[in-house]
Amino acid sequence: MAWFKRTEKGIQTPTENKKDVPKGLWYKSPTGKIVDAEELARNFYVSPEDGYHVRIGSKEYFEILFDNNEFEELDENMTAKDPLKFVDTKKYSDRLKDAIDKTKLKDAVRTAVGKSKGKDLVIACMDFAFIGGSMGAVVGEKIARAIDHSIKNNIPFLMISKSGGARMMEAAYSLMQLAKTSAKLAQLADAKIPYISLCTDPTTGGTTASYAMLGDVNISEPGALIGFAGPRVVKDTTGKDLPEGFQTAEFVLEHGFLDFITPRKELKDKINLYLDLIQNNPIR
């Protein structure tokens, strides 16, 4: 009966010895499907129940795209400054520090070079977790330097966009990155080096207005939000009701702004296929 009745009173377990259910054991997709977290990771962070592509960051994309997750990170210690001494609900300098502490990232993009299906590839991947993936001076500079690395070493370039737009705390400094990155991509094109642009959820604002739509091949993951201004702003500006699925990857593809929609588990094969076709190389 001791199995069912407590035979000793006053039993207490020290707090440090208590066992909690691990966080993130289950994931609930927006459609209400419940997925085991480990199964989700094995499935490239795509819900097997409904195909929903969970937002992931540079860490996961590098794992998916680089062979054996081996790569050399470029300019990894570059961090933003606060030249405008910007303050909204808090100081921008404090916001940067909080974002670095919380995400363990230095800014909203990471750049790296490594092998993908046996050939060199430079990847710049944005992280939405860092201040909404906003594009500031560091983001523009790291992308520009990654493109320089591609040109210097004649390596194809892949840009993975995931952004809420330009970083308002840097004002004109952030807007200058649109022209800067676009000019660098023009240099990449002059060097006849392929550029693949991958739009993920969400790709909006100044990112869409610059490098995200300038690829030799523009692709997206299923269901990604892709647009410039948000639906509410567009509706208020045009005074018209928006079509169903407005600004989804599927809608954007239908209207000619994308070339392909590629499920995440096919990304590595498809990206390298496009690169082989562009360069007239044997298909790997």
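Residues numbered from 1 in each chain as written. Predicted model: local features only at pLDDT ≥ 70, side-chain atom pairs only at ≥ 80, totals over all residues. Heavy atoms only, no water.

Enquirer: When you look at the overall build of the protein in this model, what are you seeing that I'm missing?
Expert: Within the protein, the regular secondary structure consists of eight helices and nine strands. Expressed as lengths along the three principal axes of its C-alpha atoms, the size of the protein is roughly 80 × 50 × 45 Å. Per-residue burial for the protein yields a buried fraction of 42% across its 284 residues. At a minimum sequence separation of 6, the contacts of the protein that also span at least 24 residues come to 66%. In the structure as shown, the protein presents an accessible area of about 15800 Å², 54% of it carried by carbon and sulfur atoms. Each charge class in the protein was averaged separately, 40 positive and 40 negative side chains, and the resulting centres sit 5 Å apart. (Helix = DSSP H or I, 4+ residues; strand = E, 2+ residues; numbered from the N terminus. Buried < 20%, exposed > 50% of the residue type's maximum accessible area, 1.4 Å probe, protein only. Contact = heavy atoms within 4.5 Å. Areas by Shrake-Rupley, 256 points an atom, 1.4 Å probe, with all protein chains shown as cover. Lys, Arg positive; Asp, Glu negative; His and termini not counted. Charge placed at Lys NZ, Arg CZ, Asp CG, Glu CD.)

Enquirer: Even after reading the chapter, I still don't get the packing of aromatic side chains, so can you show me in this structure?
Expert: Applying the stated criterion to the full structure yields six aromatic pairs. Centre to centre, the rings of Phe-66 and Phe-71 are 5.3 Å apart; their planes meet at 25°, and the pair counts as stacked. Here the aromatic cluster, defined as three or more aromatic residues joined through ring pairs, consists of Phe-62, Phe-66 and Phe-71. Seen from the ring of Phe-128, Arg-55 lies directly overhead, with NZ or CZ sitting 4.6 Å from the centre. (Phe/Tyr/Trp six-rings, centres within 6.5 Å; stacked < 30°, edge-to-face > 60°. Lys NZ or Arg CZ within 6 Å of the ring centre and 35° of its normal.)

Enquirer: I'm lost on the packing of helix α4 (residues 137-153) against helix α5 (residues 172-190) in this one. Help?
Expert: A pair of packed helices can be characterised by two numbers: the angle between their axes and the separation between those axes. Where α4 meets α5, the closest approach of the two axes is 9 Å, and the angle between their N-to-C directions is 5°. With respect to α5, the element α4 is oriented roughly parallel. Contact residues: α4 offers Ala-137, Gly-140, Glu-141, Ile-143, Ala-144, Ile-147, Asp-148, Ser-150 and Ile-151, while α5 offers Gln-177, Lys-180, Thr-181, Lys-184, Leu-185, Gln-187 and Leu-188. The residue inventory of the contact of α4 with α5, partitioned by class, reads seven nonpolar, five polar and four charged. (Axes fitted to C-alpha atoms, helices over the stretch in contact; angles between N-to-C directions. Parallel < 35°, antiparallel > 145°, perpendicular 65-115°, else oblique. Nonpolar A, V, L, I, M, F, W, Y, C, P; charged D, E, K, R; others polar.)

Enquirer: Help me understand the pattern of salt bridges in this model?
Expert: Opposite charge on two side chains permits them to pair, given that their charged atoms come into close proximity. One pass over the full model with this rule turns up 19 salt bridges. Glu-63 is the salt-bridge partner of Lys-59, the closest N and O atoms lying 2.9 Å from each other. Here Lys-59 pairs with Glu-63, and both are found in helix α2 (residues 58-65), just four residues apart, close to one helical turn. Between Asp-236 and Arg-232 there is a salt bridge, with the nearest N and O atoms lying 3.8 Å from each other. Of the two residues, Asp-236 and Arg-232 both sit in helix α6 (residues 231-238), four residues apart, roughly one turn of that helix. Both residues of the pair, Asp-236 and Arg-232, belong to the exposed class. A network of salt bridges, in which partner residues are shared, links Asp-75, Glu-141, Arg-145 and Lys-180. (Salt bridge = Lys/Arg side-chain N within 4 Å of Asp/Glu carboxyl O.)

Enquirer: Looking at this structure, how should I read the packing of α2 against helix α8 (residues 267-278)?
Expert: It is the contact of α2 with α8, at a shortest axis distance of 9 Å, that shows an interaxial angle of 65°. Compared by their axis directions, α2 and α8 come out roughly perpendicular. On α8, the residues that touch Tyr-61, Ile-64 and Leu-65 of α2 are Leu-267, Lys-268 and Ile-271. In terms of residue class, the contact of α2 with α8 is made up of five nonpolar, no polar and one charged.

Enquirer: Please clarify how the pairing of strand β7 (residues 195-203) should be interpreted in this entry.
Expert: Walk down a regular strand and you will see the side chains alternate between the two sheet faces. Counting buried residues along β7, nine of its nine residues qualify, which places the element largely inside the surrounding structure. Both strand β6 (residues 157-163) and β7 contribute to a ladder of six bridges, which runs parallel. Counterpart to Ser-161 in the pairing with β7 is Cys-199. As paired strands, β7 and strand β8 (residues 217-220) are joined by four bridges and run parallel to one another. Its bridge partner lying in β8, Ser-197 is registered against Asn-218. (Pairing = 2+ DSSP bridges.)

Enquirer: Would you explain the sheet that holds β7 in this entry?
Expert: Strand order in the open sheet made by the seven strands is β3-β4-β5-β6-β7-β8-β9, with mixed pairing throughout. On the outer flanks of this sheet lie β3 (71-74) and β9 (260-261), each paired with one strand and no other. Relative to β6, strand β5 (residues 119-126) is paired through four bridges, and the arrangement is parallel. Paired with Cys-125 across the strands is Ile-160, a residue of β6.

Enquirer: Got a minute to help me understand unusual backbone geometry in this structure?
Expert: Among all residues save glycine, negative phi is the norm, and among peptide bonds the norm is trans. Cis geometry marks the peptide bond from Asp-201 to Pro-202; its omega dihedral reads -5°. Looking at where Pro-202 falls in the secondary structure, it is placed in strand β7. At Tyr-45, a residue that is not glycine, the phi angle is positive and equals roughly 60°. Relative to the helices and strands, Tyr-45 resides in the loop between α1 (37-42) and α2. On the accessibility criterion, Tyr-45 (21% relative accessible area) is partly exposed. Despite not being glycine, Gln-247 has its phi angle at roughly 70°, a positive value. Tracing the backbone shows Gln-247 in the loop between α6 and α7 (249-254).

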